[in-house]
Structure formats: structure tokens, C-alpha cells
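A structural walkthrough
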Amino acid sequence: LLELAVEHAGMARVAVPSPLVEWAAAQGALVEANRWSADDRQRLPDFLGALARATELGLPASTERSEVQTKATSCATSLLNEVLARKPSQPSTAYVTEFLEALGFAQKANVDSSQWIAASTQIQALGAAYLQEKLANDPNDHGKLGKAFEVGVLARVPGIDAKRAEYNAGLHSRLASAQRAIVSSPTAAGMEELAQAIALTHKLAHNADLLESARQAYAQALVGPFSASDVPFVKLAVEFASVARAKVPDSIMNWPSAESAVESALALPVEEVARNSQTLQQALVLVAQVGLPDTPQVTALRSRVRSGSTASLDEVLAKEGSMTLLELMPELAVAVELAKAAGAPTATAQTAASSLLTQVLAGDRNDASALVQAFDLASAVGVSEVEEKRAALQSDLQTKLVGSKAAAAGSGSVAAIEALARSIQVAHKLGLPIAEVESARATYAEQLEGDFTASDMAFVESAADFASLARVSVPGTVAAWMVALDSLRAALNLPSEDAGALNALIQAIAACDAAGVPSTGELDAARATAKALATAGMAQATAESGSVVALAMDAAVMAGIKEADILSGQAVLRSQ
């Protein structure tokens, strides 16, 4: 009746008191809510909202209100029971949050108090047991402990605040005790305990002063000095430094990685030293770089590599009868580097390296790679005369460089420009003065500039080809010539019966003309070949359709066929 009266008050031009308008709205909400199913849990907040508004406004009892209350109670009871049925052995914060929401709905929906009180007791017991289990079994896992305390707070575990305060006090005491132990007598186990205590305090019971003092103690224990017997301590302490958020001195930062490399190298088969030379050498080099003391493992590795490298060197030198030392240089270099890394005796290696250097110096002195490798090898094993030989070679190379530069300047000689390129390369590789090398490079670059004619093309091509040895840039015009000539030669290499041969030649000739390539005999021969192919094409096309003849004539024009010959093709077209 009230809803009807309020609805038609406007027609009667009667003002409705505000309380009655609100009552009508609340009653309408109850009527709407009563249409929904009690099984629809998504509607539970709407059931409770309609009931709360009716209570707030003092709406008189009604059939709709009673039925909505029944639906709300049924829905909330069903939800609470369903959540309880999923009770896990180890609750998560998500589950506890969901449970507390269901419990709140049950209280608001007037669910029997004995039901929700019993449920509340269950979740409190579950939270308390979960916290106790984590404290006992995961005392160093701040993530799990933090979660357990969070669950305890959410579940309203009795005395949770007192438990947290007790835990924090115990953790601070543990931190102080671990710090005193490290200051008194640092041990690996003590460093791990201090790191764990620092991490837990930082996450769960933060105290800036205590943490700073503990971190300083941890860092101080890493200062050293350390000997081989301290390596296990250092390895663990460095490992847990990140847990403690403590800085590790650079001097020991990489000891653990070096020790791991040594252990991996020792795990390799004893009989395969040569095969695994790179891994073994890298491990020993890393040991030296980081200053790892000679632990029993390092000593064992060095001994194994020393004996293995000596055997490997002897094996390489045994091949000298069938191969020259120059041919054996790659294998010899590996064996020598391995022997050097292991600290093996170098007398045999020195003799071999010295002989190799003598052979290389007596051979091709333009072979920069061989010269560099031979000198590097000789230096690596401490050949006594290596620096004298290097100085003598540099003097000879300097004289040769000056002569090559003078011979190439303005000569137009293919042999001279190649000699200059090779002299520049070896001078650069062997460490001649930069100013002299740059002067030679400038001379080389000058030879690539000028007004070149057909007679210069052999020289120009050679100069362009060897420019990379001299580390000289080829001018744009010359570079374009080289590209065009490469295209021309590729086209000339196509079989005459190839359908695309004529077109490829025409395009290559056009590219040469566009680049301004001087008209060499090679280019003239290409033009002649193109004309011959075009003429043959015209002859064949006269027996075919007009369109074929037209295509052949186009090719003939591009290939430079005489006008009279082309006109005969046009006559054929008119007769078609």
C-alpha cells in the first residue's frame, strides 16, 4: 500500500514525507532481493544490504523482509560450511581472508552463533598450529615465517601480538649472540648463522642499529688475511654475504668461482689433458688472476696439468720428423701455453720455440700471422734472444717498408703496389712506429687517386684488391669500377646458350659505362660478345612472331647492332 501511495502521490500533487520515500525504496529493494535464489552466493551481499537498510530505517516487518532474511541466513550458512570443508592443513593468507569474509557474512545474516563461533575457533587453532610448525621447522625462512605471522593475525590467534613480540626479542638475542661468536672466533658455521640472523631480523624484526652492527662484524670477518686452509671458510662466507647484505672485498670475491673451476677441471679424465687443454688452462689462469691460495685441489690440478703438458709437448715435437715446426706451430702453441699455466719446466719448450722462430724468420717475412705467433710463443716461454731478434726484424722491416713505399709511389706497377701492401701489413702487426706505418698507408692511398686510363686498369684493380692488407679505404669511383667489372666478368662467364646471357651482358656493360670504367680490351670483348648474341637472336627471331622480333630488336639496339641490320628486322615485322 505504501509503495502504491508514494508512486501515485505525484498524480495527486501531494508531497510525500522523506521517511516514507526512503521506506518505499527500502521495501522495493526487499521485493527485488526476494526474487533472487538463496543458492546464488553472488547475491549474498545484496541480501544483507537490503536487510541492513531496512533495519537502519526502522522499516516495519513484512513478508518480503522475512523471506529475504531466511535466504540470507541459508546462503551465508552454505558459504561458511563450504569454506570450512576446504580447510587446508597449512592455511594461506588467501584462505584465511576468504574464511573471515564468510564468517562476517554469517554473523550479519544471523547464522546460529554456535556455528560461526565453532568455525572461528577452528581457524584460530589452524593458524596457531601453522605458526608453531613454521617456527619449529623453518626457523631461517623469513618468507614462510612472515606468512605464518600474517595468517595468525588474520585468524585472530589468541595472544598473537605477544607471540610476535617474544619472537622478535628472541631474534634480536640470536643476532647479538651470532655477532659475538664471529667477533670472538670466525667459523664457516658461525658466518652462516650470522647471515641468517641478519636476514630474519631485516625482514621480521627490523632494528637498524642491531643490523648495522651485525653487518659490520660480518664484513670485518672477510678482511683476512687468508691462507689455503681458510678457503672453505671464505667460500661459504662469500656465498652467504648476499643473505647478510654485506660487502665482500674484491680480493676474495671470485675465490669461490675459481675453486669451482678447479673442481670441474679435476673431474675431467686424466688421460685427456691435451684434449681439455683450454678448460684446464682457463682454470689455472683464473686461480692466478684471483689470487686463490694453493689448496690441495689447486696443487693436484697443477701437478696433473704439468705432467700432461710435458707429455703433450713431447708428443708434438715427436712429429718434427714428418712435419716442420712451422706446420706444428698451432699444436705447439697449445702445449706451451698449457705448460706455462701449470708452471712446467720450459727448457724443452724454449728449445722448440727458438727453433721455430729461426725457421719463420728464414721463411716468408711477409707472413705476418706466422711471425706474430712465433714471437708470441718465444716470449711466452722466455726464449732469451727473442727481443734481439724482434729488434733486428723490425729494423729490416722498416728498411723494407721505406723501399716499398719509394718503389710504389707513382710506379703504376702491380708488383710494387702488392709489395707495399704486404710491407704495411707486416709492419703494423710487428709493431713498427705508427708514424712510419701511417706514412706508408698515405702513399698507398695516393696510388688509388688519379685520372686512370685503360692501360692503368691492371694496376688499379691490384691496388684495390690489396687495399685491405694495407688498411686503406678504396675511393668511391674505383670501388664502383670494381663492382661493375665483377658484374661484367660474371656475365661473360655465363654460357652463350643461357637465355639470360645477353641481358646480363647488356646490364653489366651499361653498369660499366655508368661508372665510367675505362674501355679496356675486356670491356670491348664484352661488347663484341653482346653484339654476336644479339645478331644471333635477330636471325632466329625472323622466323618467329612479330612480338619476338620486337624483343630481339630492342636487345640489338642495346647491344650496339648497326642500323641497317636492325632495319631488316623491321622489314620482317611489316611483312607479318
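Quantities reported herein were computed from a predicted structural model and do not represent experimental measurements. (Residues numbered from 1 in each chain as written. Predicted model: local features only at pLDDT ≥ 70, side-chain atom pairs only at ≥ 80, totals over all residues. Heavy atoms only, no water.)

We now examine the overall build of the chain. Regarding its fold elements, the chain presents 28 helices and zero strands. Across the 576 residues that make up the chain, the buried fraction comes to 38%. Across the chain, contacts joining residues at least 24 apart in sequence account for 65% of those joining residues at least 6 apart. Of the roughly 29,200 Å² of accessible surface on the chain, a fraction of 55% belongs to carbon and sulfur atoms. (Helix = DSSP H or I, 4+ residues; strand = E, 2+ residues; numbered from the N terminus. Buried < 20%, exposed > 50% of the residue type's maximum accessible area, 1.4 Å probe, protein only. Contact = heavy atoms within 4.5 Å. Areas by Shrake-Rupley, 256 points an atom, 1.4 Å probe, with all protein chains shown as cover.)

The geometry of helix α22 (residues 457–465) relative to helix α24 (residues 476–492) is characterised by a closest axis approach of 11 Å and an angle of 105° between their N-to-C directions. Viewed along their axes, α22 and α24 adopt a mutual orientation that is roughly perpendicular. The residues of α24 that touch α22, namely those facing Met457, Val460, Glu461 and Ala464, are Val478, Trp481, Met482, Leu485 and Arg489. Of the residues in the contact of α22 with α24, the class split is seven nonpolar, no polar and two charged. (Axes fitted to C-alpha atoms, helices over the stretch in contact; angles between N-to-C directions. Parallel < 35°, antiparallel > 145°, perpendicular 65-115°, else oblique. Nonpolar A, V, L, I, M, F, W, Y, C, P; charged D, E, K, R; others polar.)

Next up on the list: the side chain of Ser404. By the element assignment, Ser404 lies in helix α19 (residues 386–408). For Ser404, the side chain forms a polar contact with the side chain of Ser423, separated by 3.1 Å. If we ignore the near neighbours within four places in the chain, the residues touching Ser404 are Ala419, Leu420 and Ser423. (Polar contact = N/O pair within 3.5 Å; in protein donor to acceptor, adjacent residues only side chain to side chain.)

Ranked by size, the top nonpolar core spans 70 residues in total, and within it Leu332, Ile424, Tyr444, Met482 and Leu488 carry the most contacts. Broken down by element, this core gets its largest block of residues, eight residues, from helix α18 (residues 368–381). When residues no more than four places from it in sequence are discounted, the contact partners of Ile424 are Leu401, Val437, Ala440, Arg441, Tyr444 and Ala470. Counting residues in each nonpolar core, the second largest holds 46 residues, with Trp36, Val83, Ala106 and Phe149 among its members. (Core = buried A, V, L, I, M, F, W, Y, C linked by side-chain atoms within 4.5 Å.)

Time to look at unusual backbone geometry. Residue Pro225 is bonded to the preceding Gly224 through a cis peptide linkage, with omega at 5°. If you trace the backbone, Pro225 turns up in the loop between α10 (208–220) and α11 (231–244). Located in the positive-phi region is Arg245, a residue other than glycine, with phi close to 55°. With respect to the secondary-structure elements, Arg245 resides in the loop between α11 and α12 (250–253). With a relative accessible area of 49%, Arg245 lands in the partly exposed category.

Throughout the structure, instances matching the rule amount to five aromatic pairs. Here the aromatic rings of Phe226 and Phe233 are separated by 6.0 Å at their centres, their planes lie at 40°, and the arrangement is tilted. Residues Phe452 and Trp481 carry aromatic rings whose centres are separated by 6.5 Å and whose planes lie at 75° to one another, so their mutual orientation is edge-to-face. Note that Phe452 is positioned in the loop between α21 (434–446) and α22 and Trp481 in helix α24, a separation of 29 residues in sequence. For the pair Phe452 and Trp481, a shared accessibility class is recorded, and that class is buried. Counting every residue linked through ring pairs, the aromatic cluster contains Phe226, Phe233 and Trp255. Across from the ring centre of Phe149, 4.5 Å away, lies the NZ or CZ of Arg164, which sits over that ring. (Phe/Tyr/Trp six-rings, centres within 6.5 Å; stacked < 30°, edge-to-face > 60°. Lys NZ or Arg CZ within 6 Å of the ring centre and 35° of its normal.)

Turning our eyes to something else, we now look at the pattern of salt bridges. In the structure shown here, the tally under the stated rule is 22 salt bridges. One salt bridge in this structure joins Lys134 and Glu133, with 3.4 Å as the shortest N-O distance. A relative accessible area of 5% means that Lys134 is categorised as buried. Accessibility expressed as a relative area gives 26% for Glu133, which makes it partly exposed. The salt bridge involving Arg441 is made with Glu438; its shortest N-O contact spans 2.8 Å. Taken together, the residues Arg441 and Glu438, both in helix α21 and three residues apart, mark about one turn of the helix. Judged by relative accessible area, which is 34%, Glu438 ranks as partly exposed. When salt bridges that share partners are traced, they join Arg41, Glu82, Arg86 and Glu98 into one network. (Salt bridge = Lys/Arg side-chain N within 4 Å of Asp/Glu carboxyl O.)

On to the packing of helix α4 (residues 63–85) against helix α5 (residues 93–108). It is the contact of α4 with α5, at a shortest axis distance of 9 Å, that shows an interaxial angle of 155°. Between α4 and α5, the crossing angle belongs to the class labelled roughly antiparallel. α5 is crossed by α4, and the crossing has left-handed handedness. Counted together, Ala76, Leu79, Leu80, Val83 and Leu84 of α4 and Tyr95, Glu98, Phe99, Ala102, Leu103, Phe105 and Ala106 of α5 form the full contact between these two elements. Looking at side-chain class alone, the contact of α4 with α5 contains eleven nonpolar, no polar and one charged residues. (Left-handed = near helix turned anticlockwise from the far one by under 90°.)

Judged by how many residues are buried, α22 sits mostly within the fold: seven of nine residues are covered. Buried residues in α22 make contact with α20 (414–429), α21, α23 (467–470) and α24.

For Ala195, the position within the fold is in helix α9 (residues 188–204). Taking C-alpha positions, Ala195 is 8.9 Å from Ala178, a pair spaced 17 residues apart along the chain. What Ala195 contacts, discounting residues up to four positions off in sequence, is Tyr218, Phe240, Val243 and Ala244.

What follows deals with the environment of Ser242. The topology assignment puts Ser242 in helix α11. With 43 residues separating them along the chain, Ser242 and Ala199 place their C-alpha atoms 9.4 Å apart.

What follows is about the confidence of the model for the chain. Where the model shows low pLDDT, its predicted coordinates should not be examined in detail. Here the chain averages 84 in pLDDT, and 88% of its residues register 70 or above. In the model, residues 561–576 has pLDDT below 50 throughout and makes 23 contacts with residues more than four positions away in sequence or in other chains. (pLDDT = per-residue confidence, 0-100.)

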